[in-house]
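Residue strings, one per chain:
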Amino acid sequence: MSSDDLAFSSLTVKSRPSIHIALLGGFDLVIDDVPVTVPAGSKRLLALIALNYRASVPRGLIAGRLWPDVSEQRAYTNLRAALSRLSDLGRKALDVSPSEVRLAREVTVDLYDARWLAQRILDPRVPAEDLDLKAATVDQLSADLLPGWYDEWVLLEAEHWRQLRLHALEELARELIDAEQFAGAVTAAHTAVQADPLRESSQVSLIRAHLAEGNLAEALGHFERYSRLLRSELGLRPTPRLRRLVAELRQSHPDGGYLQ
């Protein structure tokens, strides 16, 4: 029995299926906890509509975004084909009218849950104790948006999400340090560093987490690795702010010279 058949059998029990679209780390359509196979063209259609979340999207805008290099008539034909190739299950994710397409009301999208979390972390009006911080918090902020997709409309959204999640991870690391949850702070900062190894603010977060935990050698070792990376990739040195952060440690290790 295929995954679509399994999902259909579960739908016979429920009048309102649970429909989830994942955009972080890759595309998935999941209905009642069962992954649904989606053709490539229809997958791009679902992703574009999901990025607009609750807003209706005119058919002309969809056709132009998905097929910008063909004639208008051909783009509309491709759009009709993408809709027709969706299985009955896939169509349940959409509300389709003659002029526009939008997500069905019951559909959830992981990107918007993660954005909401990131915005709460960055909101100074939300106390840290209200965030219910845990390992899953970092997991929600760890994945890129649709990696390997190079459509312009994807790349713009992906960069917006990357900046938001990096700022949230850095702030999360700071809040976890203040709460003396050092393992979580190191994990959050390390996740930010993995996303952008040349971003100094993320490196500062990780070094501060090591220092707060009392792991001085790790803090210094990480600083030196970052210094080498920055010099080899960009021909630059760490900023004075970062050098000051580890200045006293560096003075106690006379065999290196990155702070000079």
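Everything numeric here is computed off the predicted structure, so don't read it as measured data.

Caption draft 1: Main features of the sheet that holds strand 2 (residues 28-31). The strand order across the open sheet built from 4 strands is 3-2-1-7, with neighbouring strands paired in mixed fashion. Looking at the sheet topology across the chains shown, the edges are occupied by strand 3 (34-35) and strand 7 (107-109). Pairing of strand 1 (residues 19-22) with strand 2, which is carried by 4 bridges, proceeds in the antiparallel orientation. Pairing of His-20 across the sheet is with Val-30, part of strand 2. Against the sheet, helix 6 (residues 110-122) contacts strand 1 and strand 7, and its axis sits at roughly 55° relative to strand 7.

Caption draft 2: Examining unusual backbone geometry more closely. Positioned with a positive phi, Asp-33 is a non-glycine residue whose angle comes to about 70°. Among the structural elements, Asp-33 can be located in the loop between strand 2 and strand 3. By relative accessible area, Asp-33 is classed as exposed at 72%. Its identity is not glycine, yet Leu-146 carries a phi of approximately 45°, on the positive side. As for its position among the elements, Leu-146 is in the loop between helix 7 (135-140) and helix 8 (152-178).

Caption draft 3: Structural view of the sheet that holds strand 4 (residues 57-58). If you walk across this open sheet you meet the 3 strands as 4-6-5, and the pairing is antiparallel. Two strands close off the open sheet at either side, each with one partner strand: strand 4 and strand 5 (94-96). Summarising the sheet, strand 4 and strand 6 (residues 100-103) pair through 2 bridges and their orientation is antiparallel. Paired with Pro-58 across the bridge in strand 6 is Glu-100. Taken strand by strand, helix 2 (residues 40-51) contacts strand 4, strand 5 and strand 6, and its axis lies near 75° from that of strand 6.

Caption draft 4: Spatial organisation of the layout of surface pockets. Its boundaries defined by the atoms lining it, the largest pocket holds a volume of some 160 Å³. Put simply, the parts of the chain that give the lining of the largest pocket at least two residues each are helix 8 and helix 10 (200-213). With 5 residues, helix 8 is the single largest residue contributor to the lining of the largest pocket. Among the residues forming the lining of the largest pocket, the class breakdown is 3 nonpolar, 2 polar and 5 charged.

Caption draft 5: Structural view of the environment of Ala-189. Looking at the secondary structure, you find Ala-189 in helix 9 (residues 182-195). With relative accessibility at 0%, the residue Ala-189 sits in the buried group. Sequence separation between Ala-189 and Ser-202 is 13 residues, and the spatial gap between their C-alpha atoms is 6.1 Å. Not counting residues within four places of it along the chain, the set of residues in contact with Ala-189 comprises Ala-173, Ser-202, Ser-205 and Leu-206.

Caption draft 6: Layout of helix 3 (residues 59-66). What helix 3 keeps buried is the set Arg-59, Ile-62, Ala-63 and Leu-66. Projection of helix 3 onto a plane perpendicular to its axis shows the buried side chains occupying an angular sector of 95°, all on one side. Residues of helix 3 that are buried in the fold lie against helix 2, strand 4, helix 4 (72-85), strand 5, strand 6 and helix 8.

Caption draft 7: Representation of the packing of helix 2 against helix 4 in the model. Close contact between helix 2 and helix 4 brings their axes to 8 Å; oriented N to C, the two are set at 100°. As far as their axial angle goes, helix 4 and helix 2 are roughly perpendicular. Residues Gly-41, Ser-42 and Leu-45 of helix 2 lie in contact with helix 4, whose contacting residues are Leu-79, Ala-82, Leu-83 and Arg-85. Looking at the contact of helix 2 with helix 4, its residues break down into 4 nonpolar, 2 polar and 1 charged.

Caption draft 8: View of the pairing of strand 6. Bridging between strand 5 and strand 6 involves 3 bridges; their strand directions are antiparallel. Looking across to strand 6, one finds that Leu-94 is bridged to Leu-103. In sequence, strand 5 turns back onto strand 6 through a hairpin of 3 residues.

Definitions and limits used
- Residues numbered from 1 in each chain as written.
- Predicted model: local features only at pLDDT ≥ 70, side-chain atom pairs only at ≥ 80, totals over all residues.
- Heavy atoms only, no water.
- Pairing = 2+ DSSP bridges.
- Helix = DSSP H or I, 4+ residues; strand = E, 2+ residues; numbered from the N terminus.
- Contact = heavy atoms within 4.5 Å.
- Axes fitted to C-alpha atoms, helices over the stretch in contact; angles between N-to-C directions.
- Buried < 20%, exposed > 50% of the residue type's maximum accessible area, 1.4 Å probe, protein only.
- 1 Å grid on protein atoms, 1.4 Å probe; cavity = no way out; pocket = protein on both sides within 12 Å on 5 of 7 lines; lining within 4 Å.
- Points joined across faces, edges and corners; volume = space filled by probe spheres on them.
- Nonpolar A, V, L, I, M, F, W, Y, C, P; charged D, E, K, R; others polar.
- Arc of directions from axis to C-beta.
- Parallel < 35°, antiparallel > 145°, perpendicular 65-115°, else oblique.

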